[in-house]
Amino acid sequence: MAGDHRLLLENARQVVLVCARGERFLARDALRSLAVLEGASLVVGTDGLIKAIGPADVIQEQFSEETFEERIDCSGKCILPGLVDAHTHPVWAGERVHEFAMKLAGATYMEIHQAGGGINFTVERTRQASEEELFGSLQQRLQCMMRAGTTLVECKSGYGLNLETELKMLRVIERARRQMAVGISATYCGAHSVPKGKTATEAADDIINNHLPKLKELGRNGQIHVDNIDVFCEKGVFDLDSTRRILQGGKDIGLQINFHGDELHPMKAAELGAELGARAISHLEEVSDEGIAAMATAGCSAVLLPTTAYMLRLKQPRARKMLDEGVIVALGSDFNPNAYCFSMPMVMHLACVNMRMSMPEALAAATINAAYALGKSHTHGSLEVGKQGDLIIINSSRWEHLIYQFGGHNELIEYVIAKGKAVYKK
Ligand SMILES: N=CN[C@@H](CCC(=O)O)C(=O)O
Ligand SMILES: [Zn+2]
């Protein structure tokens, strides 16, 4: 049914704006409490953007003569921004549940990786998979993420390593970006592992001389849109020098730098990222004090991944130190065959319990700061007039239940809305 506006959400107990003054991220004292309206309504226009937010009686008065394609009574419920997942690997084929058993029995991530398991195992299966098969599984995975409240997600390639399969993965991500309601930030991660038969230097040369020029060409003619460049900077994978060359090459063709660093060993990845103007660095379990300070000064966000430290029983990244020093902290699910988790509400819960973040810090990290990590916080990550109408409605009178009820999001989330249209309804 056509209307003057797309959606009216009426009389919510709480509308969690997250921020209300056009902030591009929240850090330090701004994280003490989030902007929340009580007894409020929200309007999304036919363009999918938020048109108005305010006290329920004011909105009722202001829009009394207008019509809406859909109206939802939110009495007793909370409205929050759609969640932003700043780090996922959702395109792959094959099964690695057997590796979970190996890890439970004591094997480390790197022992499995060096024995040909881990990323390289998934690379072989993904190379063999058809584009159709990869798209089908990606679609299902993204639907599971949306069901858990995610409306913007970063999606990496990186299980191809050769140009042919990396492009196949990026085409699959591009198809999802065009066809699905969820917002996607696409990341080229051809340096996720050193392919068999090559050294890290040879792999870096191949990426710089062959992969990046092809990406530039495909981006120019509108075939594939890639936002970010990623490298797994790790002992036994890509060293600091190769990482630098690849990231700089990506930056030179206009990509945002957003890479894996200081996960299993201290690599000085944070220092490198700050120097290169990286938008984000993920993991950081082993980051140095100097690296934290450099990231804070450079406005380089830290994408923390509580599922990884939990599943691999690693030491937790020092979220408190980063927050205290003014680093922009974001969160991601790290969905991949090693960390099989679709749920940002569970990620926020783990961040609170295991990394000692507060609930406002965790929600900001999973909304405005995650959007910042993807270079999209001017359009996503908070409920403000002019931003995209991506939001969730939960059946609870306080927003904190979304974090508190561990694994309870399926019961709590009543609607997931993207650009003002319900993409999930309980
Ligand atoms: N650390 C590197 N990459 C992934 C793991 C990928 C895999 O094991 O398949 C991560 O972020 O956790
Ligand atoms: Zn990752």
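No experiment lies behind these values; they were computed from the predicted model shown. Throughout this document, residue positions are counted from 1 along each chain, in the order its sequence is written. Chains carry letters and ligands carry numbers; both start at the beginning, A for chains and 1 for ligands, and go up in the order they are written. Owing to the predicted nature of the model, reporting of local features is limited to residues with pLDDT of at least 70; listing and counting of side-chain atom pairs is limited to 80 or more, with chain, interface and lining totals taken over all residues. Calculation of side-chain values draws on the structure's entire complement of heavy atoms; hydrogens and water are dropped beforehand.

Engineer: What's the story with the packing of helix α8 (residues 240-252) against helix α9 (residues 269-276) in this structure? I'm lost.
Structural biologist: To describe two helices that pack against each other, one gives the angle between their axes and the distance between the axes. Whenever a helix is involved, its axis is fitted only over the stretch in contact; in every case the axis is a line through C-alpha atoms, and angles between N-to-C directions fall within 0 to 180 degrees. Labels follow the DSSP assignment, with helices taken as runs of H or I lasting at least four residues and strands as runs of E lasting at least two, numbered in each case from the N terminus. One way to put it is that α8 packs onto α9 with a least axis distance of 11 Å and a crossing angle of 25°. Judged by the inter-axis angle, α8 sits roughly parallel to α9. Between α8 and α9 lies a crossing of right-handed hand. Listed contacts from α9 to Leu240, Thr243, Arg244, Leu247, Gln248 and Lys251 of α8 are Ala269, Leu272, Glu275 and Leu276. Here the nonpolar group is Ala, Val, Leu, Ile, Met, Phe, Trp, Tyr, Cys and Pro; Asp, Glu, Lys and Arg are the charged ones; every other residue, Gly included, is treated as polar. Residue composition of the contact of α8 with α9, by class: five nonpolar, two polar and three charged. Comment on the angle field: the value is read as roughly parallel under 35 degrees, roughly antiparallel over 145, roughly perpendicular from 65 to 115, and oblique elsewhere. Crossings are classed by handedness, with left-handed meaning an anticlockwise turn of the near helix from the far one by less than a right angle and right-handed meaning a clockwise turn. Here, residues are in contact when the closest pair of their heavy atoms is within 4.5 Å.

Engineer: Would you take a moment to explain α9 for this structure?
Structural biologist: Side chains that are three or four residues apart share a direction in an α-helix, a result of its 3.6 residues per turn. Within α9, seven of the eight residues are buried, which leaves it mostly tucked inside the rest of the structure. Residues of α9 that are buried: Ala269, Ala270, Glu271, Leu272, Gly273, Ala274 and Leu276. Considering only its buried residues, α9 is in contact with β9 (228-233), α8, β10 (256-261), β11 (280-283) and α10 (289-298). Directly after α9, the chain includes Gly277, whose backbone phi takes a positive value near 75°. Remark: exposure states derive from per-residue accessible area (1.4 Å probe, protein chains only) relative to the maximum for the residue type, with buried under 20%, exposed over 50%, and partly exposed in between.

Engineer: Where do I start with the pattern of salt bridges in this structure?
Structural biologist: Once the charged atoms of two side chains with opposite charge are near each other, the side chains can pair. Should a side-chain nitrogen of Lys or Arg be within 4 Å of a carboxyl oxygen of Asp or Glu, the pair is scored as a salt bridge. Evaluated as defined, the whole model comprises 24 salt bridges. Measuring nitrogen to oxygen at the nearest pair gives 3.8 Å for the salt bridge that ties Glu23 to Arg21. Where Arg177 meets Glu174, a salt bridge forms, and the shortest distance between an N and an O atom there is 3.0 Å. With a gap of three residues between them, Arg177 and Glu174 both fall in helix α6 (residues 163-179), about one helical turn apart. By sharing partners, the salt bridges in this structure join Glu154, Lys156 and Asp230 into a single network.

Engineer: Is there a simple way to think about the environment of Leu49 in this case?
Structural biologist: Mapped onto the secondary structure, Leu49 falls in the loop between β2 (35-44) and β3 (50-55). Separated by 43 residues in the primary sequence, Leu49 and Arg6 have C-alpha atoms spaced 9.3 Å apart. Filtering out sequence-adjacent residues up to four positions away, Leu49 remains in contact with Val43, Val44, Gly386, Lys387, Gln388 and Gly389.

Engineer: Just to check I follow, could you spell out a nonpolar patch on the surface for this structure?
Structural biologist: Patch criteria: residues need more than 30% relative accessible area and no salt bridge. Like-charged residues are merged within 9 Å; nonpolar side chains of Val, Leu, Ile, Met, Phe, Trp and Tyr are merged within 5 Å. Note on areas: these come from Shrake-Rupley sampling with a 1.4 Å probe, and a residue is covered only by the protein chains present in the view. Residues Val97, Phe100 and Leu104 make up a contiguous nonpolar surface patch of roughly 290 Å² in combined accessible area. For Val97, the position within the fold is in helix α2 (residues 97-104). On the basis of relative accessibility, which here comes to 56%, the residue Val97 falls in the exposed class.

Engineer: I'm lost on the domain arrangement of the protein in this one. Help?
Structural biologist: How large an interface is tends to be reported as the accessible area lost when its parts come together. The domain architecture assigned to the protein consists of domain 1 (5-82 + 382-425) and domain 2 (83-373). As annotated, the domain borders come from an automatic or database domain assignment. Domain 1 and domain 2 are separated by 29 Å when their C-alpha centres are compared. Residue-level contacts link 34 residues of domain 1 with 31 residues of domain 2. Buried area: the accessible surface (1.4 Å probe) lost by two parts on joining, summed over both. When the area that domain 1 buries against domain 2 is broken down by residue, the three leading residues are Leu31, Ile403 and Phe406, summing to 23%. Any N or O atom pair separated by 3.5 Å or less is treated as a polar contact, with the protein-specific requirement of one donor-capable and one acceptor-capable atom, and with residues adjacent in sequence counted only for side-chain atom pairs. Our count for the domain 1 to domain 2 interface comes out at eight residue pairs in polar contact (both at pLDDT 80 or more). Secondary structure elements with two or more residues in the side of domain 1 that touches domain 2: β1 (5-18), β5 (78-81), α16 (401-404), α17 (409-412), β15 (413-418) and β16 (421-425).

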